[in-house]
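Single-letter residue listing:
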Amino acid sequence: MEQCRAARAMLGWSQTTLAEAANVSRQTIADFERGAHMPIANNLASITAAFEQAGITLIHAEGGAVGVLFKKAK
């Protein structure tokens, strides 16, 4: 949830922009970000792939630490 908001902020994307890039509904993004529900596996994979294509790596470390790495395209 927090990673999704952080990644969108790094990219300057709205929920609508992410939804279009991931081919999911904006409501799916909104519900996920506010913690209402976890998207189904294929939607979550599509969201992650959209971020990765834009240069974002979602980091999951031991102990529950999470982060976002942004590598701008050259």
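### Section: the overall build of the chain
Right, on to step 1. Helix and strand content of the chain: 4 helices and 2 strands.
Right, on to step 2. Element order for the chain, N to C, with α for helix and β for strand: α-α-α-α-β-β.
Right, on to step 3. For 74 residues, the compact-globule estimate of 2.2 N^0.38 gives 11 Å, and the C-alpha radius of gyration of the chain, at 12 Å, lies within 12% of that figure.
Right, on to step 4. When burial is assessed residue by residue, the chain has 32% of its 74 residues classed as buried.

### Quick word on the nonpolar core
Right, on to step 1. Ranked by size, the top nonpolar core spans 13 residues in total, and within it Leu18, Val24, Ile29, Ile47 and Phe51 carry the most contacts.
Right, on to step 2. Elements with a minimum of two residues in this core: helix H1 (2–11), helix H2 (15–22), helix H3 (26–33) and helix H4 (41–53).
Right, on to step 3. Leaving out residues up to four positions away in the same chain, Val24 has contacts with Ala19, Ile29, Asn43, Ser46 and Ile47.

### Considerations on H4
Right, on to step 1. Taking 1.5 Å as the rise per residue, H4 with 13 residues should run 18 Å; its terminal C-alpha atoms sit 18 Å apart, in good agreement.
Right, on to step 2. Taken as a whole, H4 has its buried residues at Asn43, Ile47, Ala50 and Phe51. Summarising the axial view, the buried residues of H4 lie within an arc of 100°, below the 170-degree limit, and thus occupy one face. Within H4, the exposed residues directed more than 90 degrees away from the buried face are Ala41, Glu52 and Gln53.
Right, on to step 3. The secondary structure elements touched by the buried residues of H4 are H1, H2, H3 and strand E1 (56–60).
Right, on to step 4. In the stretch just after H4, Gly55 is the one whose phi turns positive, near 100°.

### Notes on the environment of Ala7
Right, on to step 1. Within the secondary structure, Ala7 sits in helix H1.
Right, on to step 2. Take Ala7: its relative accessible area is 0%, and that puts it in the buried class.
Right, on to step 3. In this structure, Ala7 is in contact with Phe51, Ile56, Leu58 and Val68, ignoring residues within four places of it in sequence.

### Section: H1
Residues three or four positions apart in an α-helix share a direction because the helix packs 3.6 residues into each turn.
Right, on to step 1. Buried within H1 are the following residues: Gln3, Cys4, Ala7, Arg8 and Leu11. Buried residues of H1, viewed axially, fall in a sector of 130°; they line one side.
Right, on to step 2. Next to the buried residues of H1 lie H2, H3, H4, E1 and strand E2 (66–70).
Right, on to step 3. Gly12 sits one or two positions beyond H1 and adopts a positive phi of about 75°.

Calculation rules
- Residues numbered from 1 in each chain as written.
- Predicted model: local features only at pLDDT ≥ 70, side-chain atom pairs only at ≥ 80, totals over all residues.
- Heavy atoms only, no water.
- Helix = DSSP H or I, 4+ residues; strand = E, 2+ residues; numbered from the N terminus.
- Rg over C-alpha atoms; globule rule 2.2 N^0.38 Å.
- Buried < 20%, exposed > 50% of the residue type's maximum accessible area, 1.4 Å probe, protein only.
- Core = buried A, V, L, I, M, F, W, Y, C linked by side-chain atoms within 4.5 Å.
- Contact = heavy atoms within 4.5 Å.
- Expected span 1.5 Å × (residues − 1).
- Arc of directions from axis to C-beta.

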